[in-house]
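What follows is the residue order along each chain.
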Amino acid sequence: MRPSHLDPRSPFVLETHELGRRPGSMRTVQRTVAAPDELGTGMIGIPSGSDLELDLRLEAVMEGVLVTGSIRGEAVGECVRCLERVVEIVDAPVQELYVYPERAEAAVASGDEDEDVRELEGDLLDLEPALRDAVVPVLPFRPLCQEDCPGLCSECGTRLADDPDHAHETIDPRWAALGGLRGTDDEKRES
Ligand SMILES: [Zn+2]
Ligand SMILES: [Zn+2]
């Protein structure tokens, strides 16, 4: 058995010793942990340090330990149309098999190693990579503050959801250049 580099005190490291490798034995894990760094996409994510609720079942099977359950938290991002803050409740299902180390070694020896397979380290398993794989896909690809967010006014940048009747007088393109000049004058006057 390779020595484990996992820290049993880490909130993401789960102990499986008491399952005793008896298929069918199981334990549940319910804990609230602080979200790790960079849990999300560039658009939206669960802020580092915010609460993540783990509600998991660890079950011994022939090949290893099967982890099923859910991870809940609150993702914060920006509306892709109007940049308003978006908060989404995340409830990500998890199902991951962690194989016993000697099973994984046997698979490597026989040449049918599955690179995606997760491995127990001694009696410990590291939930963090599985947690990322579970949470990131359930985040909205294009976060929206509301389903039909009208976005920003292309002329002045006002958030149209705040001002639905928002309108600009259509300026004849021939006068638009003059309008631009007038704008510069206004700025000078204000300063
Ligand atoms: Zn929006
Ligand atoms: Zn406008």
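In case you missed it, the structure is sitting above this.
Structural notes, computed from the coordinates.

Scoring rules and cut-offs
Residues numbered from 1 in each chain as written. Chains lettered and ligands numbered in written order. Predicted model: local features only at pLDDT ≥ 70, side-chain atom pairs only at ≥ 80, totals over all residues. Heavy atoms only, no water. Donors = N, O, S within 2.8 Å, 3.2 Å for Na, K, Ca; no water. Tetrahedral: all angles 85-135°; square planar, octahedral: opposite > 155°, others 65-115°. Helix = DSSP H or I, 4+ residues; strand = E, 2+ residues; numbered from the N terminus. Buried < 20%, exposed > 50% of the residue type's maximum accessible area, 1.4 Å probe, protein only. Contact = heavy atoms within 4.5 Å.

As a further point, take the coordination of the zinc ion (ligand 2). Donor atoms from the polypeptide that bind the zinc ion (ligand 2) are C153 (SG), C156 (SG), H166 (NE2) and H168 (NE2), placed at 1.9 to 2.2 Å. Between the four donor atoms coordinating the zinc ion (ligand 2), the angles at the centre fall across 101 to 116°, so the site counts as tetrahedral. When the donors of the zinc ion (ligand 2) are listed by position in the chain, the intervening gaps give C-x2-C-x9-H-x1-H. Of this pair, C153 sits in the loop between helix 2 (128–138) and helix 3 (173–190) while H168 sits in the loop between helix 2 and helix 3, and the two are 15 residues apart along the sequence. The exposure class assigned to C153 is buried, which follows from its relative accessible area of 10%.

For the rest of this paragraph, the subject is the environment of L39. Secondary-structure assignment places L39 in strand 3 (residues 39–40). With relative accessibility at 2%, the residue L39 sits in the buried group. As a C-alpha pair, L39 and D133 span 94 residues in sequence and 9.7 Å in three-dimensional space. The contacts of L39, once residues within four sequence positions are left out, are G45, I46, L52, L131, R132 and V135.

Function-wise, these values are silent; they only describe arrangement.
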